[in-house]
Amino acid sequence: MSENPPAATPDTPETGTGTRPDPAAGAAGPHPVDQMLPPLKLLGAGLQHVAAMYAGVVAPPLVVGIGVGLSTPEIAFLMSASLFTSGIATLLQTLGFWKVGARLPFVNGVSFAGVAPMLAIAKAEAPEDALPVIYGAVIVAGVFGFLLAPYFCKLIRFFPPVVTGTVITLIGVSLLPVAFNWAQGGNRQAPDYGSLTSIGLASATLLVTVVLRRLLRGFLKQISILLGLVAGTLIALVLGVADFSGVSDADLIGFPTPFHFGAPQFAAAAIVSMCIVMLVSMTESTADVLALGEIVERPADEKTLAAALRADGLGTAISPLFNGFAASAFAQNVGLVAITKVRSRFVVAAAGVILILLGLCPVLASVVALIPQPVLGGVGIVLFGTVAASGIQTLTGAALERGDNVLIVAISLGAGIIPIAAPGFYHAFPESARIVLDSGISTGCAVAVLLNLAFNHLGAEPADAPELAPDTPAHP
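Values in this document were obtained by computation on a predicted structure and should not be read as measured data. Along every chain, residues carry numbers that run from 1 in the direction the sequence is written. Where local features are concerned, this predicted model is filtered to residues with pLDDT of at least 70; where side-chain atom pairs are given and counted, the filter is 80 or more; whole-chain, interface and lining totals use all residues. With hydrogens and water set aside, each side-chain value is computed from the structure's full complement of heavy atoms.

Colleague: How should the overall build of the protein be read in this particular structure?
Modeller: Along its length, the protein carries 18 helices and four strands. Only protein chains enter the accessibility calculation, which uses a 1.4 Å probe; a residue is then buried when its area is under 20% of its type maximum, exposed when over 50%, and partly exposed in between. The buried share of the protein, taken over its 476 residues, is 54%. It only takes one pair of heavy atoms within 4.5 Å for two residues to be counted as in contact. Restricting to contacts in the protein with at least 6 residues of sequence separation, those with at least 24 account for 80%. Accessible surface for the protein amounts to roughly 19200 Å². Of this, 68% is attributable to carbon and sulfur atoms. The helix count covers DSSP runs of H or I at least four residues long, the strand count covers runs of E at least two residues long, and both are numbered beginning at the N terminus. The Shrake-Rupley method, run with a 1.4 Å probe, gives the accessible areas here. Residue values count only the displayed protein chains as cover.

Colleague: It is not clear to me how helix H13 (residues 345-360) should be interpreted in this structure. Could you clarify?
Modeller: The first and last C-alpha atoms of H13 sit 23 Å apart over 16 residues, in line with the 22 Å expected at 1.5 Å per residue. Structurally, the start of H13 carries an N-cap: the backbone nitrogen of Phe-346 is 3.2 Å from a side-chain oxygen of Ser-344. For a helix, the expected span equals 1.5 Å multiplied by the residue count minus one. Contacts described as polar in this section are N or O atom pairs within 3.5 Å, which, within protein, must combine one atom able to donate a hydrogen with one able to accept it, while residues neighboring in sequence count only if both atoms come from side chains.

Colleague: Looking at this structure, I do not really get the nonpolar core. What am I missing?
Modeller: In globular proteins that are soluble, nonpolar side chains generally tend to be buried together. Here the nonpolar core consists of buried residues drawn from Ala, Val, Leu, Ile, Met, Phe, Trp, Tyr and Cys, with membership extended through side-chain atoms lying within 4.5 Å. One finds Leu-104, Leu-131, Ile-134, Ile-171, Met-274 and Phe-325 to be the most contacted residues of the largest nonpolar core, which totals 102 residues. Sorting elements by how many residues they give to this core places helix H10 (residues 268-295) first, with 12 residues. Setting aside residues up to four positions removed in sequence, Ile-171 forms contacts with Ala-287, Asp-288, Ala-331, Val-387 and Ile-441. If you look at the next biggest cluster of nonpolar residues, it comprises six residues, including Leu-42, Phe-346, Val-347 and Ala-350.

Colleague: Sorry if this is basic, but what is going on with the pattern of salt bridges here?
Modeller: If the charged atoms of two oppositely charged side chains come close together, the side chains can form a pair. Definition used for salt bridges: Asp or Glu carboxyl oxygen within 4 Å of a side-chain nitrogen of Lys or Arg. With the rule as written, the count across this model stands at three salt bridges. Where Asp-34 meets Arg-298, a salt bridge forms, and the shortest distance between an N and an O atom there is 2.6 Å. Separated by 264 residues along the polypeptide, Asp-34 in the loop between strand E2 (21-22) and helix H1 (39-67) and Arg-298 in the loop between H10 and helix H11 (302-318) bring together distant segments of the chain. On the accessibility criterion, Arg-298 (10% relative accessible area) is buried. Of the charged contacts, one joins Arg-343 and Glu-297 as a salt bridge, the two residues approaching to 3.7 Å between their closest N and O atoms. Placement of the pair is Arg-343 in the loop between helix H12 (331-340) and H13 and Glu-297 in the loop between H10 and H11, with a sequence separation of 46 residues. By relative accessible area, which is 24% here, Glu-297 ends up partly exposed.

Colleague: How should the packing of aromatic side chains be read in this particular structure?
Modeller: Any two aromatic rings considered together are summarised by their centre-to-centre distance and by the angle between their planes. Two rings from Phe, Tyr or Trp (for Trp, the six-membered ring) form a pair when their centres sit within 6.5 Å of each other. Planes less than 30 degrees apart are called stacked, planes more than 60 degrees apart edge-to-face, and all others tilted. Under the counting rule described, the total for this entry stands at five aromatic pairs. A ring pair is formed by Phe-77 and Phe-261, whose centres lie 5.9 Å apart and whose planes are at 75°; its orientation type is edge-to-face. With Phe-77 in helix H2 (residues 72-94) and Phe-261 in the loop between helix H9 (245-249) and H10, this pair connects stretches of sequence that are 184 residues apart. For the pair formed by Phe-77 and Phe-261, the shared burial category is buried.

Colleague: Help me out: how do you make sense of the environment of Val-64 in this one?
Modeller: Considering the arrangement of structural elements, one finds Val-64 in helix H1. C-alpha separation for the pair Val-64 and Ile-75, spaced 11 residues apart in sequence, amounts to 8.7 Å. The contact partners of Val-64, leaving out residues within four places of it in the chain, are Val-115, Met-118, Leu-119, Leu-131 and Phe-325.

Colleague: Help me out: how do you make sense of helix H6 (residues 196-215) in this one?
Modeller: In an α-helix there are 3.6 residues to a turn, and that puts residues three or four apart on one side. Counted at 1.5 Å a residue, the expected span for H6 with its 20 residues is 28 Å, and the 28 Å between its end C-alpha atoms agrees. Buried within H6 are the following residues: Ser-198, Leu-201, Ala-202, Thr-205 and Thr-209. One side of H6 carries all its buried residues, which in axial view fall inside an arc of 100°. Facing away from the buried side of H6 by over 90 degrees, the exposed positions are Leu-196, Leu-207, Arg-214 and Leu-215. At its buried positions, H6 is contacted by helix H5 (161-183), helix H8 (224-239) and helix H15 (373-395). Relevant arc is that of directions from the helix axis to the C-beta atoms, nothing else.

Colleague: Even after reading the chapter, I still don't get unusual backbone geometry, so can you show me in this structure?
Modeller: As a rule of thumb, non-glycine residues mostly have phi less than zero, and peptide bonds are mostly trans rather than cis. Phi at Trp-98 takes a positive value of approximately 45°, unusual for a residue other than glycine. Mapped onto the secondary structure, Trp-98 falls in the loop between H2 and strand E3 (108-110). Not every positive phi belongs to a glycine, and Ala-399 is a case in point at roughly 50°. Of note, Ala-399 is situated in the loop between H15 and helix H16 (403-421).

Colleague: Please clarify how the packing of H5 against helix H18 (residues 440-456) should be interpreted in this entry.
Modeller: Two numbers describe a pair of packed helices, the interaxial angle and the distance between the axes. Contact geometry of H5 with H18 gives a least axis separation of 9 Å together with a crossing angle of 165°. In this view, H5 runs roughly antiparallel relative to H18, as classed from their interaxial angle. Relative to H18, H5 is oriented so that their crossing is right-handed. Each of Val-162, Val-163, Val-167, Leu-170, Ile-171 and Ser-174 in H5 lies in contact with H18, whose residues at this interface are Gly-440, Ile-441, Gly-444, Cys-445, Ala-448, Val-449, Asn-452 and Asn-456. Classifying every residue of the contact of H5 with H18 by side-chain character gives nine nonpolar, five polar and no charged. Every angle, taken between N-to-C directions, lies between 0 and 180 degrees, and every axis is a line fitted to C-alpha atoms, over only the stretch in contact when it is a helix. Angles below 35 degrees are treated as roughly parallel, those above 145 as roughly antiparallel, those between 65 and 115 as roughly perpendicular, and all remaining angles as oblique. Whether a crossing is left-handed or right-handed is set by the direction in which the near helix is turned from the far one by less than a right angle, anticlockwise for left-handed and clockwise for right-handed. Residues are sorted three ways: Asp, Glu, Lys and Arg are charged, Ala, Val, Leu, Ile, Met, Phe, Trp, Tyr, Cys and Pro are nonpolar, and all the rest, Gly among them, are polar.

Keep in mind these values describe shape, not function.
See the structure below:
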């Protein structure tokens with residue numbers, strides 16, 4: 001934390017004009033979260049965030065599009081729509097309005113948690129009704145999340161360091177297999193999956209990124225991840241594994257026509273399924289907001305958390321209008337903030353604008369898509385490992401000398417790692433239960449909260465409960 005005297009925060013998530021003291025802000029200027037960078041630095045750092053999240057944004061619409069039987073041009077349209085709506089959701093989080101938006105460097109994108117339920121919905125519906133029923137359920141789930149936000153945020157008192165540290169660690173550990181999959185090529189059915197070329201390209205990208213991080217200074221050091229991605233892509237070009245065909249086939253301009261696949265339809269079973277997904281997403285977003293608050297030295301209070309969850313809900317409810325899906329936090333970008341130390345929310349807002357432009361310009365989207373999966377895997381190891389390291393750092397302040405807290409961490413980590421180490425562990429459970437259980441982050445978070453409640457709240461005063469800001473009301 002800064003040793004400078006506290007200064008007034010220029011705007012707070014609750015009103016946008018509050019004056020809550022911010023211990024990390026110096027008297028000479030605003031908190032780093034509220035600092036506006038020069039245009040070139042803003043663009044470079046924003047592009048870095050887009051590169052880190054791009055594969056995660058386009059993967060769900062790709063999988064769902066194939067699952068509902070769309071043609072290749074329709075799948076491309078669905079991917080562009082997801083980029084567009086992810087940009088809108090990101091702007092809601094970073095810039096915000098009224099009581100919506102955490103106003104932190106917080107990236108929102110299409111949630112992968114909803115893919116399996118959406119595929120299940122598609123199987124139960126006629127092909128022409130699949131997407132309209134999915135979109136109707138997503139709209140209701142978004143409204144549900146928006147209305148639930150001020151009540152869900154009260155769970156913050158059940159997230160002391162012993163819980164947040166565990167969950168942040170699980171976020172990083174849960175994402176590492178994604179990086180390993182990318183490093184092997186991303187497509188398990190491809191004949192060259194896991195080839196020496198793919199793994200070598202990922203390793204070279206990782207090595208270049210580490211060397212750049214070690215040798216560069218100033219802003220170039222801050223965008224070392226982006227430079228690593230560029231270098232990795234150039235190496236892939238030399239090796240002949242970079243594919244430029246998508247650029248020539250893409251349209252220059254394309255707008256995601258509202259309700260392109262038909263007006264939304266509302267089916268009870270589908271709505272219940274997506275509302276469960278929304279609860280899972282809100283749990284993960286809660287952990288991500290708390291993690292990001294610690295990383296940028298602006299700890300999240302109830303108002304910040306409620307504002308973040310409202311943005312998740314509103315972004316999710318708006319997305320189907322433009323043919324997008326449920327929106328939630330992207331943990332990989334939390335890792336990017338941690339490793340680059342660039343804390344300005346306007347950098348992520350710039351990333352949101354870039355995502356919107358990519359959604360409106362398919363040819364630009366295809367250029368970003370040129371980054372080979374192994375290259376993303378190389379930098380993903382850095383990003384996701386940094387998230388796990390941040391969790392471990394948080395656990396150092398979790399009073400682990402108390403045996404009960406060690407037990408909480410041990411059991412929660414074990415429960416959260418089950419879906420990673422044994423993916424088929426819950427195969428005999430009902431599909432509705434597996435939505436939660438197959439997410440190591442959600443399972444580990446739930447276990448940590450329940451164990452912390454049992455050991456540190458029921459019949460005892462919690463020794464390490466987080467302190468909210470003095471002017472934070474008990475009920476937003």
